[in-house]
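An overview of the molecular structure
Chain residues, written in single-letter form:
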Amino acid sequence: MTRIRVEVDGTAVTVEEGASLLAAARAAGVGLPALCHDDRLTPVGSCRACLVGADGRTVAACVTPAADGMRVETGGEELRGLRRDAVELIVSALPPRALTPGLPGGQELARVCGELGIGPGAARGAGGRGRDDSHPYVHLDRDLCIACGRCVRMCAEVQGTFAITMSGRGAETVVAPGTGGAWADSDCVACGGCVDTCPSGALTEPGQALAAGLLTAAGDTGTAGTGQAAGTGQ
Ligand code: FES
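By the naming in an unreviewed UniProt entry, the protein is Formate dehydrogenase subunit alpha, taken from Streptomyces thermolineatus.

Encoded structure:
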């Protein structure tokens, strides 16, 4: 495999031809937020949290291949501000509890917000989209979904099950069973891949949700919509 040379913030690194700028940045020791990205999945470049400068253009690092001799900038207040704006927009649709310290499954989003200086006040969504606690191994809290699509790609590309999809439009987009009903009635094989890749705590194991007080031991008897079908924004 041919290796190419890239400069990241003045540091020269070599990466395999075809590698992304995100990989090049990591090779240079630069961590970038990457909310819609998982190395195991096809990159889609939808969240814009990983914006960098590359030869004078602003691009999403996860979907931009490195080119030999390319100069990449990740620092600077302007680029950092663009990344912060992108994540702030995502977070603004979430309810305040989305940034609660220690939220099960939500550590990646919380860490990214912390790194970008986004405080708890940025999460100001109304919530109310309900939960699906019908499945014994997967708990869905729709209000915490950031529509990154990682779970859907994990289910399709890694597990090959195609059990879930994104439903709804715009800010109402949320993961949902492809069959349209409750998670327990879907084609989910309980592999746990969706829970593993979720960065925001929308998908957790029921035990995690219980520990966080999101469910009761006897089942979710709250008003959050147990087993309610998703796609309320359609
Ligand atoms: Fe690059 Fe989301 S991680 S656009």
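This next bit is on the overall build of the protein. For the protein, the count of helices and strands is six helices and ten strands. The C-alpha atoms of the protein give 19 Å as radius of gyration, which agrees with the globular expectation for 234 residues (17 Å, within 12%). Along the first, second and third principal axes, the C-alpha set of the protein runs to 60 × 40 × 30 Å. For the protein, the residues scored as buried account for 43% of the 234 residues in total. Of the contacts made within the protein by residues no fewer than 6 positions apart, 65% connect residues no fewer than 24 positions apart.

Two modes of strand pairing occur in sheets, parallel and antiparallel, and in both the strands are linked by backbone hydrogen bonds. Taken in spatial order, the three strands of this open sheet run β6-β7-β10, and their pairing is antiparallel. The open sheet has two edge strands with one neighbour each: β6 (131-132) and β10 (203-204). Across two bridges, β6 lies against strand β7 (residues 139-141) in antiparallel orientation. Bridge pairing in β7 places Arg131 opposite Asp141.

Strand order across the open sheet formed by five strands is β2-β1-β5-β3-β4, with mixed pairing between neighbours. Edge positions in the sheet fall to β2 (11-16) and β4 (57-60), since each of these pairs with one other strand and no more. Adjacent strand axes in the sheet meet at a mean angle of 40°, parallel and antiparallel pairs treated alike. Across six bridges, strand β1 (residues 3-8) lies against β2 in antiparallel orientation. From the neighbouring strand, Val6 faces β2, where its bridge partner is Val13. Each of β3 (51-54), β4 and β5 (71-73) touches helix α2 (residues 77-92); the most contacted strand, β3, lies at about 150° to it.

Next up on the list: the nonpolar core. Formed by 61 residues in total, the largest nonpolar core has its most connected members in Leu35 and Cys50. Here this core gathers at least three residues from each of two domains, domain 1 (3-74) and domain 2 (128-211). When near neighbours in sequence (up to four residues on either side) are disregarded, Cys50 contacts Leu22, Leu32, Pro33, Ala34, His37, Ala60, Ala61 and Cys62.

Quick look at the domain arrangement of the protein now. For the protein, the assigned domains read domain 1 (3-74) and domain 2 (128-211). Computed over C-alpha atoms only, the centres of domain 1 and domain 2 are separated by 28 Å. With nine residues of domain 1 at the contact, the number on the domain 2 side is ten residues. Classifying every residue of the side of domain 1 that touches domain 2 gives five nonpolar, two polar and two charged.

The sheet contact formed by β3 and β4 spans four bridges and is antiparallel. Counted as the bridge partner of Gly53 is Thr58 from β4. The turn joining β3 and β4, which pair antiparallel and follow one another in sequence, is formed by two residues; a positive phi near 50° is taken by Asp55.

This paragraph deals with α2. A rise of 1.5 Å per residue sets the reference length of α2, with its 16 residues, at 22 Å; its end C-alpha atoms lie 21 Å apart and thus fit the reference within 8%. Those residues of α2 not exposed but buried are Arg83, Arg84, Val87, Ile90 and Val91. In a view along the axis of α2, the buried residues occupy a sector of 120°, so they form one face of it. The exposed set on the far side of α2, more than 90 degrees from its buried face, consists of Glu77 and Glu78. Summarising the contacts, the buried residues of α2 are in contact with β3 and α3 (107-116).

Definitions and limits used
Residues numbered from 1 in each chain as written. Predicted model: local features only at pLDDT ≥ 70, side-chain atom pairs only at ≥ 80, totals over all residues. Helix = DSSP H or I, 4+ residues; strand = E, 2+ residues; numbered from the N terminus. Rg over C-alpha atoms; globule rule 2.2 N^0.38 Å. Buried ≥ 20, exposed ≤ 12 C-beta atoms within 10 Å, placed from the backbone. Contact = placed C-beta atoms within 7 Å. Pairing = 2+ DSSP bridges. Axes fitted to C-alpha atoms, helices over the stretch in contact; angles between N-to-C directions. Core = buried A, V, L, I, M, F, W, Y, C linked by C-beta atoms within 7 Å. Domains from an automatic or database assignment. Nonpolar A, V, L, I, M, F, W, Y, C, P; charged D, E, K, R; others polar. Expected span 1.5 Å × (residues − 1). Arc of directions from axis to C-beta.

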